[in-house]
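Examination of the molecular architecture
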Amino acid sequence: MARLHSHQVLFLLVLLPAATAVEYSSLCRSPAAAHDTGVRVSPLSLPWISTGHFSGSGAGDLNFAPGRYDKHAFTFSPRPSSATATDDPSTTHLSATLTLRGTRLTRRHGPRHHSVSFDLQGYYYHSTNATAAELCMVGSGSYAREDGSGVVVLSDVVLHLSVPSPSSLSKPFVTGSLKGAEFNHTALVAYAEDDYAYGQSGSCPESSPRGGGAREVLHDGWFSCRHLRAVIGSSYSVEYMPIDGSSGGGFPLRQRHGSMYVNQMRCDTNGAVRAYLVFFANQEDDAFPSTSYHTARRRWRRGFLVGDEALVADGFWDSSRNRLCLKACRVVVRSGESGGEEQLAVGECGIGVSFWFPAVWSIHDRSVATGMIWNASSNSDGNTSAGVISVSRTAWSYVDRLSGITYNYTRVEEAKKHYDSMSKLGKETTKGSRFPGNYSYRDFAFGFSLKEQGFAGFGYASPVTIGSALVEGQELRADAAFEAQHVNKQRLLNVSYSMQYHAANSPQLRRISAEGVYDTKNGTLCMVACQVIGNVSSDCEVLVTVQFAPMGGVARERAVGTISSLRNQSDPLFFKALEFIGDAGMSVNDRERSSSRMDMESVMLLASMVLSCLFTGLQLRHVKHHPEALPATSVTMLVVLALGNVIPLVLGLQDMYRDSLNLFVKLTSGGALEINEFMQRVSTLLALVLQLRLLQLALSRRSADQAAVKPEDSSSLSSSSLSSADAERSTLWICLPLYALGAITVFIGHLSDGHIGSFALPGPGIVDDLVAYAGLVLDGFLLPQVVWNAVAGSTPAVRALSPWFYVGGTVIRAAPHAYDAFRKRSYVPSRRASSVYASPRDGLFGVGWDVVVQCVVALLAVLVFLQQRLGGAFLCCIKRRRPGGYEMVSTPTS
């Protein structure tokens, strides 16, 4: 038998026939079986469990790896397939598929993904008087063998679940077990997702240990659970902060932890929020850094997590103070009676939890989201807590809105003194040299390698602020006067940086927060910094100096620098100076080629828009000399073309509005807006005006033709051929469903990429996908005309479109795809990864799309050419007679 690969396992499991189900009553004592009435019940009306956690000796029997191989990846996910009512109103008959996912050890490849699926049937019992609902299901399961030689069938499987009704702070979990003839008892636990009873509202303290205010993240007072879950749900670093000079006792948690994850969160529309917070020890940071946003997302996608300790909390979102205020109870992880089981028990409560979004950043705190955990009630001695746990998240993504953040420079003057002592302020490099401050703020970021031990250490440095501007992704968030006041005039700029690196002699990640001054004339950067190694207290007596290489020079390194200690050598925190070299990025030739490519793309984009205006003008000239062409022109095609020009204009206006609203400043070479962008907008607007004029002429002509048709002529016209309005209506009935089906396919494809779910992250992804799909529709702009010609049966005498119009338009739409294929082979990827021509906003690009689109648009052009010479319905071999005309027939002769 052929050997199966790992990616074929799921397909094999789907094709497996379910084993014969065992008798329900022999394995399930409760709930009792009831007579099935056959009336279907929506599974969505039943309590839903999206994911959970399993553990125990039964996991090993199912070939799952031991816990040391990432026990947090063990998840289970029940999927109800059908539900029917029974003669007992409290009992529902269910059919479902249960899938266990985790890791197993293979002899040849080590740890690999592993899954086991079960087909189950049983009964769900829920009484209004009961405190918990019961579910018991029986059936069989299967999983693929390690060597791919077949499957292992599991029999006599029984699933028990107890669902709290309603769930609450003291009863937040769904618990249960899974057992079969071939495997032992397996414990199941999940976070209850429905029917929750909130307790007393939590309260937030008046001040936070970090100080500073909170910025607004839910704009205009509109509560969005999805957005709140996206900006709060992630990984946080944990810091223990003793208060009032205490020794550090009285913390609300029993253990010391290095990271925290907001693993589950649910909300009500009135602003009520509940959450499940899980904590991990310090060594977790080595495998899962708390500063990694993408790592946090991967852990969230794994579902329900069981860590070393946890909290369950509920409360509310305080819109007046922009804070989440929760009251929490401690969750203890205990070992079950059988080996390997993990049971969650809710312990003491009276713990306060609060999250907010700092409005002021500094060298000591640059958290996108932060929070605190404290004892909200007195302990047994009547004393309040002597310590507070502070949590913070510094990694940010596109879901985080950094508007409203200001940076407070506190150590710039100290950095200036160190810079003056370097005696380089009066020196300049070669005349005409340009450094990152005068060229582009993106060039401030660089990767680097440490010189120690043969460049074994490595790291990355990126700017946080440049002057008063906050660096957000690929843009600067600043006031309108930033460019003139800071970049073009001031020589010394206040800057702040974030650096992280791995030293050769230590596996721990070292993080540096720095701020200081940058000399735009000679490319010298001098900063005072705070360094954190692991999760210990930071050392704020660190000096970082960097010398940038001139832009466009022949230097092999982009920057050279030093990280040194300002302490005395006798100080325990003193360390030897670390020299580093910044990577060169693209070579000089590659950088020049990339710059010339972008300039060429700007010219190509402008040329395509000018040609579009020219071809539309030639079509207007064509319909002026051939008035009969207007009624034979598809209005749907003209609308598609017009919308194709409206979309880039709307997106451009949206960018301009966002820039003015959020005070963005985009810097290009020299800091000025390129004239090409202005010319592109003008040419796009001109093309839109010409196409709207063409659309207006077509509609006016059709209205005039319909008004001129006599009532006695309309019946004969409808019986002999379709009118223009009827043909247009038929074209819409054919094209619109195709367009809608494509949009739905794009939307489903977007969702399948992980953009939805319990922890979906909102963002502009779906908008970008739909805009790209709109470009694909515009590529096939001739499709409505082809359909119109076929439906109306247009005669060869009527040539609706000028060859310049449909051939030129086809070339304009096909050219970006041909260029995209050429660009992938001929140009090295740019460090800025930007495309002006054939960009993702212009359509769907890729090896497959480039070939398909060019072939399809060429085919449509050929069809239009043949239809205008052989008749619209030539493909269907239909001969139509013109209304009011005659047809010659042959007569037999004697």
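Small disclaimer: the values here were computed from a predicted structure and weren't measured.

Basis of the calculations
Residues numbered from 1 in each chain as written. Predicted model: local features only at pLDDT ≥ 70, side-chain atom pairs only at ≥ 80, totals over all residues. Heavy atoms only, no water. Buried < 20%, exposed > 50% of the residue type's maximum accessible area, 1.4 Å probe, protein only. Helix = DSSP H or I, 4+ residues; strand = E, 2+ residues; numbered from the N terminus. Axes fitted to C-alpha atoms, helices over the stretch in contact; angles between N-to-C directions. Parallel < 35°, antiparallel > 145°, perpendicular 65-115°, else oblique. Left-handed = near helix turned anticlockwise from the far one by under 90°. Contact = heavy atoms within 4.5 Å. Nonpolar A, V, L, I, M, F, W, Y, C, P; charged D, E, K, R; others polar. UniProt positions renumbered as here; feature names shortened; annotations may be inferred. Phe/Tyr/Trp six-rings, centres within 6.5 Å; stacked < 30°, edge-to-face > 60°. Lys NZ or Arg CZ within 6 Å of the ring centre and 35° of its normal. Disulfide = S-S within 2.5 Å. pLDDT = per-residue confidence, 0-100. Pairing = 2+ DSSP bridges.

Right, let's talk about helix 17 (residues 783-792) for a bit. With eight of 10 residues buried, helix 17 is to be regarded as a mostly interior element. Once helix 17 finishes, G793 follows within two positions and takes phi at roughly 65°, a positive value.

Packed helices, taken two at a time, are described by the angle between their axes plus the distance between the axes. Two elements in contact, helix 18 (residues 803-826) and helix 19 (residues 847-870), have axes whose closest approach is 9 Å; the angle formed by their N-to-C orientations is 165°. In terms of orientation, helix 18 lies roughly antiparallel with respect to helix 19. Taken as a pair, helix 18 and helix 19 cross one another with a handedness that is left-handed. Where helix 18 abuts helix 19, its residues Y806, T810, A814, H817, A818, D820, A821 and K824 lie against W849, D850, V853, Q854, V857, A858, A861, V864, F865, Q868 and R869. For the contact of helix 18 with helix 19, the class distribution of residues is 11 nonpolar, four polar and four charged.

Moving on, we get to the UniProt feature "transmembrane region" (unreviewed entry) in the protein chain. On the UniProt side, "transmembrane region" (unreviewed entry) is annotated at positions that read residues 632-653, 730-749, 770-791, 803-822 and 843-866 here. Helix makes up 86% of residues 770-791 and strand 0%, with an end-to-end C-alpha separation of 29 Å.

This next bit is on the packing of aromatic side chains. The final tally for this structure, using the stated rule, is 22 aromatic pairs. On the numbers, 5.1 Å between centres and 65° between planes, the contact of F54 with F64 is edge-to-face. Of this pair, F54 sits in strand 2 (residues 53-55) while F64 sits in the loop between helix 3 (57-61) and strand 3 (75-86), and the two are 10 residues apart along the sequence. Look at F54 and you get buried, because its relative accessible area is 1%. Pairwise contacts between aromatic rings join F444, F446, F448, Y501, Y518, F548 and F580 into one cluster. Positioned above the aromatic ring of W356 is the side chain of R323, whose terminal nitrogen or guanidinium carbon lies 4.5 Å from the ring centre.

Another point: the packing of helix 17 against helix 19. One way to put it is that helix 17 packs onto helix 19 with a least axis distance of 9 Å and a crossing angle of 30°. It follows from the interaxial angle that helix 17 and helix 19 lie roughly parallel. Considering the relative orientation of helix 17 and helix 19, their crossing is left-handed. Contacts between helix 17 and helix 19 involve L783, Q785, V786, N789 and A790 from the former and L860, L863, V864 and Q867 from the latter.

What follows covers the environment of A133. One can find A133 in strand 6 (residues 132-144). On a C-alpha basis, the gap between A133 and P31 in space is 9.5 Å, while along the polypeptide they are 102 residues apart. Setting aside chain neighbours within four positions, we find A133 in contact with Y124, Y125, H126, L161, S162, V163 and S165.

What follows concerns the state of the cysteines. One way to say it: the disulfide is the covalent bond shared by the sulfur atoms of two cysteines. Within this structure, the stated rule accounts for five disulfides. In this model, C28 is linked to C136 through a disulfide, with the two sulfur atoms separated by 1.7 Å. Handedness here is read from the sign of the S-S torsion; for C28 and C136, about -75°, the answer is left-handed. Placement of the pair is C28 in the loop between helix 2 (24-27) and strand 1 (36-40) and C136 in strand 6, with a sequence separation of 108 residues. Take C28: its relative accessible area is 5%, and that puts it in the buried class.

Scored by pLDDT, the protein chain has a mean of 76; 72% of the residues are at 70 or more. Strand 7 (residues 151-164) holds the highest mean pLDDT among the elements of the protein chain, 93, whereas helix 1 (residues 9-15) holds the lowest, 34. Of the regions scoring below 50 in pLDDT, residues 1-21 engages in 22 contacts with residues more than four places distant in sequence or in other chains.

Here the focus is the pairing of strand 23 (residues 469-472). Residue alternation in strand 23 divides its side chains into two sets, A469 and V471 and L470 and E472, and both sets are buried. Note that strand 22 (residues 458-466) and strand 23 share two bridges and pair antiparallel. Paired with T465 across the strands is L470, a residue of strand 23. Between strand 22 and the antiparallel strand that follows it, strand 23, lie two residues; G467 among them carries a positive phi value of about 65°.

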